[in-house]
Amino acid sequence: MAKLPVQFRLNGSDRATFVDPSSNLLDTLRRGLGDFAPKYGCGQGTCGVCTVLVDGEPQLSCLTLAVTCEGKQIETASGMADGPNLQPLQEAFMDHFAAQCGFCTPGMLTAARALLARNPNPTRDEVVEAISGNICRCTGYEPIIAAILTAASAPGARRA
Amino acid sequence: MATMEMRKEIFADERDDNLNVIGKGVQRQDMPGHVTARTRFFDDHAFDGMLHLKVVRSPHHHARIRSIDVSAAERAPGVKRVLRGADVPVNKNTLLSLINFGKDDEPTLAVSKVSYKGEPVVAVIADSEAQALAARKLVRVEYEQLAPVFDVEEALKPGAPVVNETYPGNYFEYHQRFDHQKLRFGDVERAFAQADMVIEERYQMSPIEHAPTETNGSIAAPEHNDRYVVHSCAQGLFFSLGTTAKIVDLESNRLHFIGGTVGGGFGGKVDSLTEPLAVLGAMLTGRPVRYVLDREEEMLYGSPRGAERIYVKDGLMRDGRIVARSIRSYFDAGAYTRLSSYAAIKCTAHLPGPYWIPNVSSDVYVSYTNRCPSTAMRGFGVTAVDFALEVQMDRLAEAANMDPMEFRILNAYRDGDMKAHRRVAKNTALIECVQVAADRANWPLSEQARRASSLGGGAGERSQIPATQLDARGQIGRPDSRSGPPTQVLPPGTMRIPLSKQPIMDGARDGRATPTQVPRYEPQPVAPPPMPAYQPGSQAYQPPPAYAPPPAYQPAPSYQPPPAPPAPPPAAPSQHGAVRFSTVFGTRRR
């Protein structure tokens, strides 16, 4: 099958690769470009562990064709930290023990980041709604909700 | 407390005794990796030339395999290798064979028949996942469907379809002969006859899928030093290494397992579901091979917590004392053993729950059905029976017209109580737990219940082993010594096991004997009676632990040993790995 070229900005860097027309963004990021932050959990858009930002909007990369991302801004959890410095959201996840096995964490952080970017002071209900597409089997969600609410009230949270 | 003291002694020169972390949050060492997405799970590794393995699975619950045709799949684009059962060096295994427990019963790739929907039959290895999936569709397997059995009790009836040829009775054979785990303490039947009320209920659990967000999988690759590196999701990395080494017939030092980072396990990643085929693929292709279950496979093939059916029958006095508890329980192992054999042992060890009951009887079966094999999950073997017991306790409390908290305090174990397993209860704290729970919930307790303590009341009659009634087969968890045909009617749902070996008995009981008078509990096990065929204490020969008489069954002083006890049978052939080591498996530490 003939491969197609695709170019986009990934976490601020220009990246280019060739993909099968049927390739999804998840496999392209992981196997093509070596960004292992988004995970495979279900392959059918139900678990949220593959969540990435496409032009600032959270999207399920397992259901996104790679070729549709031409020229877009893609952001994953591996690009969240500001160099060696963690974002308040990341620090809040650490402080609240909002990760246990860590498998849902990149997707969870990405969904939370999108929420705080459009709504810096969310209510608890809004937080719950924002992560409702992200399944966590370890924490029971409460530490995650607490972390996101804490990050929202932290100074500098808007950077997220 | 005793445990605590002992540890203090053992680690006295290694520990800082200021206990300065209790009550404080300490950061997990893996947290920075998690929040920066730098944590590497098994699938987060890149290899040049990595191949992808996909498995053809049985579409039937139970079927004979008539033929397998892989020729079209082998010719498909990108396909590097197609594996069948004959390609697997040791194509039969059981997980606990690493500790010599149970017979090898599960093939890596099915050869002659399939026993559950989703059972692996053929593996296809190709350059890309898409090519492997396309080639998988070209494998032709001809099946002859067989009648399935899905119910744990139906499976044990005579004439039921044989699920697992290794265990033709559809039950796990403990020590090659017992169809269940048995517990007998006192005389439940007599106690039922004398109880004010007898309450019997049936409890049925469903199988539960762990559903980790990361599905099971592994990547195996040839390493530069003639080893294979395996990135694995395994919860028990060395367990998985040993299992893989056995199945692919490789010395374990040629396997380099890397893991410990598990994307959710909960017990569902102890089965080595993918590692053996990934390593075999790497061995046969010389390339890295990735085998990851998709979500549907995780549901079909990844073991669940086994469903259990539990019958609880209790004898209750009007004042709230439970005087007898009889339990019959069936673990649904699915088609193969995996860890269900261990679950039933844990279940039996847990009975009758944290309560002192003077008459206890239980029969716990592991039953094979045409379902996905079940395995470990968070307290497996105990959680389901605890559910049954605690619901039962509420029902009993209601029947006795008592507060459920007070009812538990009344019946709880206290220090010094003799447990049904003939061990003295120590460090008991159920009474205190209930008191604290009641306090926190503002649940009113009577003065008497508030004053109750686990530290008192466990002596006297409660610390004795009662005269124990043999069951209908003349057994207390030991071989039937009768030679003639049985005359008694079996309890419903049970069956007789023909003896394959002459049993070794420490007593002259013949099954019609009166209830054995058991001596009072003694903490130190007494040496077994001498047997001419071996030297007690000899280093060269250890009698098979299954036949070793437990200390509690030492004959009463009046007992005369039989003139010529039969010679002990040869030790069971070692399947693989280490010696038996656990009290849990019916063996004794020496």
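Calculation rules
Residue numbers here run from 1 along each chain, matching the order of that chain's written sequence. Labels follow written order: the first chain is A, the first ligand is 1, and so on. Predicted model: local features are reported for residues with pLDDT of at least 70 only, side-chain atom pairs are reported and counted for 80 or more only, and whole-chain, interface and lining totals are derived from all residues. With hydrogens and water stripped out, all remaining heavy atoms of the structure feed into the side-chain values. The cut-offs for exposure are 20% and 50% of the maximum accessible area for each residue type, with area from a 1.4 Å probe on protein chains only; residues under the lower value are buried, those over the upper are exposed, and the others partly exposed. Labels follow the DSSP assignment, with helices taken as runs of H or I lasting at least four residues and strands as runs of E lasting at least two, numbered in each case from the N terminus. Our arc is simply the arc of the directions from the helix axis toward the C-beta atoms. Any two residues whose heavy atoms approach within 4.5 Å are treated as being in contact. Lining residues are those with an atom within 4 Å of a point, where the points come from a 1 Å grid over the protein atoms alone and group into cavities, where a 1.4 Å probe fits but cannot get out, or pockets, open sets with protein on both sides within 12 Å along at least five of seven lines. Grid points are joined across faces, edges and corners, and a volume is the space filled by probe spheres set on the points. Basically, the charged four are Asp, Glu, Lys and Arg, the nonpolar ten are Ala, Val, Leu, Ile, Met, Phe, Trp, Tyr, Cys and Pro, and anything else, Gly included, counts as polar. All axes here are fitted lines through C-alpha atoms, helices being fitted over the stretch that makes contact, and every angle between N-to-C directions spans 0 to 180 degrees. Here a crossing is taken to be left-handed if its near helix is turned anticlockwise relative to the far helix by less than a right angle, and right-handed if that turn runs clockwise. Here is the rule: rings of Phe, Tyr and Trp (six-membered ring for Trp) pair when centre to centre is within 6.5 Å. Planes less than 30 degrees apart are stacked, more than 60 are edge-to-face, and the remainder are tilted. When two parts are put together, the accessible area they lose, computed with a 1.4 Å probe and summed over both, is reported as buried area. When a carboxyl oxygen of Asp or Glu lies within 4 Å of a side-chain nitrogen of Lys or Arg, that pair is called a salt bridge. Polar contact criterion, stated in full: a pair of N or O atoms within 3.5 Å, where within protein one must be able to donate a hydrogen and the other to accept it, and residues adjacent in sequence count only if both atoms are side-chain atoms.

1. Overview of helix H12 (residues 430–440) of chain B
Residues and elements named next belong to chain B.
Then step 1. All buried positions along H12 are accounted for by Ile 431, Val 434, Gln 435 and Ala 438. Angular distribution of buried residues about the axis of H12 spans 100 degrees; they occupy a single face of the element.
Then step 2. Its buried side turned inward, H12 meets helix H11 (404–411) and helix H13 (447–451).
Then step 3. Trailing H12 by a residue or two, Asn 442 shows a phi angle of about 50 degrees, which is positive.

2. Here's the deal with the layout of surface pockets
A water-sized probe, rolled over the atoms, reveals where empty space remains.
Then step 1. Roughly 1,500 Å³ of internal volume is contained in the second largest pocket.
Then step 2. What lines the second largest pocket is a set of 49 residues, and nearest its centre among them are A:Asp27, B:His52, B:Ser128, B:Glu129 and B:Ala130.
Then step 3. Among the elements of the structure, strand E2 (13–19) and helix H1 (25–32) of chain A together with strand E1 (51–57), helix H4 (129–136), strand E12 (289–292) and helix H8 (295–301) of chain B are those that each provide at least two residues to the lining of the second largest pocket.
Then step 4. It is H1(A) that contributes the most residues to the lining of the second largest pocket, six residues altogether.
Then step 5. Here the residues of the lining of the second largest pocket sort into 17 nonpolar, 14 polar and 18 charged.

3. Some thoughts on the packing of helix H3 (residues 105–118) of chain A against helix H5 (residues 142–153) of chain A
Residue and element names in this part refer to chain A.
Then step 1. Packing of H3 against H5 brings their axes to within 11 Å, and their N-to-C directions diverge by 35 degrees. Of the two elements, H3 crosses H5, and the hand of that crossing is right-handed. Between H3 and H5, the residues in contact are Met 108, Ala 112, Leu 115 and Leu 116 and Ile 144, Ile 148, Ala 151 and Ala 152, respectively.
Then step 2. For the contact of H3 with H5, a count of residues per class yields eight nonpolar, no polar and no charged.

4. Brief notes about the packing of aromatic side chains
Then step 1. Under the criterion given, the structure shown has eleven aromatic pairs over all chains.
Then step 2. Centroid distance A:Phe103 to B:Phe41: 5.0 Å. Interplanar angle 85 degrees. Geometry classified as edge-to-face. Taken together, the residues span two chains, with A:Phe103 in the loop between helix H2 (88–95) and H3 and B:Phe41 in the loop between helix H2 (31–35) and E1.
Then step 3. Ring geometry for B:Tyr203 against B:Phe387: centres 6.2 Å apart, planes inclined by 85 degrees, an arrangement best described as edge-to-face.

5. Overview of the interface of chain A and chain B
Then step 1. Listed as interface residues are 29 residues of chain A and, on the opposing side, 35 residues of chain B.
Then step 2. Taken together, the two surfaces of chain A and chain B that pack against each other cover about 2,500 Å², and 59% of this comes from carbon and sulfur.
Then step 3. Three residues, A:Arg31, A:Met94 and A:Arg137, lead the burial of chain A against chain B; their summed loss comes to 25% of the area buried on that side.
Then step 4. Our count for the contact surface shared by chain A and chain B stands at four salt bridges.
Then step 5. Across the pair B:Asp43 and A:Arg31 runs a salt bridge, and its minimum N-O distance is 2.7 Å.
Then step 6. Across the contact surface, chain A and chain B share 14 residue pairs in polar contact (both at pLDDT 80 or more).
Then step 7. By residue number, the principal contributor to the side of chain A that touches chain B is H2(A), which donates four residues.
Then step 8. Classifying every residue of the side of chain A that touches chain B by side-chain character gives 18 nonpolar, six polar and five charged.

Don't take any of this as a statement about function, it's just geometry.
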